[in-house]
Amino acid sequence: MVMEEILVQIGNRLYKRRKEMKLTQEKMAERLGMSAAFYGAVERGRKRLSIEKMLLVYEQMGMNPDYLLAGERPMDKITMELFKDCPEEKRPVLEQILSDLTELCR
């Protein structure tokens, strides 16, 4: 995958989370200790975050670095326990149920 495409995907994940938090770019930039112009460029995939800023994103936005960088959500302990004893052929059904429950909670 090309770096520009990765940066755009990271920006899209930041945008989506910021909107979920009902914050403006200015407010989010303030929380992360950067200018609104720089943050906007990050959301558009034109600038990249430093490791320090990624840690701030984790603290301020609750975004796991795995999700921020690769779009992969780590399984939490409860989810891992559910899947541990679930037969392989039934896992897609369990995944759908968990996905539906997550949507209901929003």
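What this report covers is the structure whose coordinates are included nearby.

Criteria and cut-off values
- Residues numbered from 1 in each chain as written.
- Predicted model: local features only at pLDDT ≥ 70, side-chain atom pairs only at ≥ 80, totals over all residues.
- Heavy atoms only, no water.
- Helix = DSSP H or I, 4+ residues; strand = E, 2+ residues; numbered from the N terminus.
- Rg over C-alpha atoms; globule rule 2.2 N^0.38 Å.
- Contact = heavy atoms within 4.5 Å.
- Areas by Shrake-Rupley, 256 points an atom, 1.4 Å probe, with all protein chains shown as cover.
- Lys, Arg positive; Asp, Glu negative; His and termini not counted.
- Charge placed at Lys NZ, Arg CZ, Asp CG, Glu CD.
- Buried < 20%, exposed > 50% of the residue type's maximum accessible area, 1.4 Å probe, protein only.
- Axes fitted to C-alpha atoms, helices over the stretch in contact; angles between N-to-C directions.
- Left-handed = near helix turned anticlockwise from the far one by under 90°.
- Nonpolar A, V, L, I, M, F, W, Y, C, P; charged D, E, K, R; others polar.

With that settled, the discussion passes to the overall build of the protein. The helix and strand inventory of the protein stands at seven helices and zero strands. Each helix and strand of the protein, placed in order from N terminus to C terminus, yields the pattern α-α-α-α-α-α-α. In terms of overall dimensions, the protein is more spread out than a globule: its C-alpha atoms have a radius of gyration of 16 Å, far above the 13 Å expected for 106 residues. Each principal axis of the C-alpha atoms in the protein carries an extent, and together these give about 50 × 30 × 20 Å. When contacts within the protein are restricted to residue pairs at least 6 apart in sequence, long-range pairs at least 24 apart make up 44% of them. Just so you have it, the protein exposes about 7,700 Å², and 56% of that area is on carbon and sulfur atoms. Here the protein carries 19 positive and 18 negative side-chain charges, and the mean point of each set is 7 Å from the other.

This part covers unusual backbone geometry. We note that Lys-22 has phi near 60°; this positive angle belongs to a residue other than glycine. You can call Lys-22 exposed: its relative accessible area is 74%.

The subject of this paragraph is helix α3 (residues 36–43). What α3 keeps buried is the set Tyr-39, Gly-40, Ala-41, Val-42 and Glu-43. Looking at the packing, one finds that the buried side of α3 touches α1 (3–20), α2 (25–32) and α4 (51–61). Taken from the residues just after α3, Gly-45 is the one with a positive phi, measuring 80°.

On to the packing of α2 against α4. At a minimum axis distance of 9 Å, the contact between α2 and α4 shows a crossing angle of 115°. Handedness of the α2/α4 crossing: right-handed. When α2 is examined against α4, the residues Met-28, Arg-31 and Leu-32 are found in contact with a partner set consisting of Lys-53, Leu-56, Val-57, Gln-60 and Met-61. Looking at the contact of α2 with α4 residue by residue, the classes come out as five nonpolar, one polar and two charged.

On their own, these measurements won't tell you what the molecule is for.
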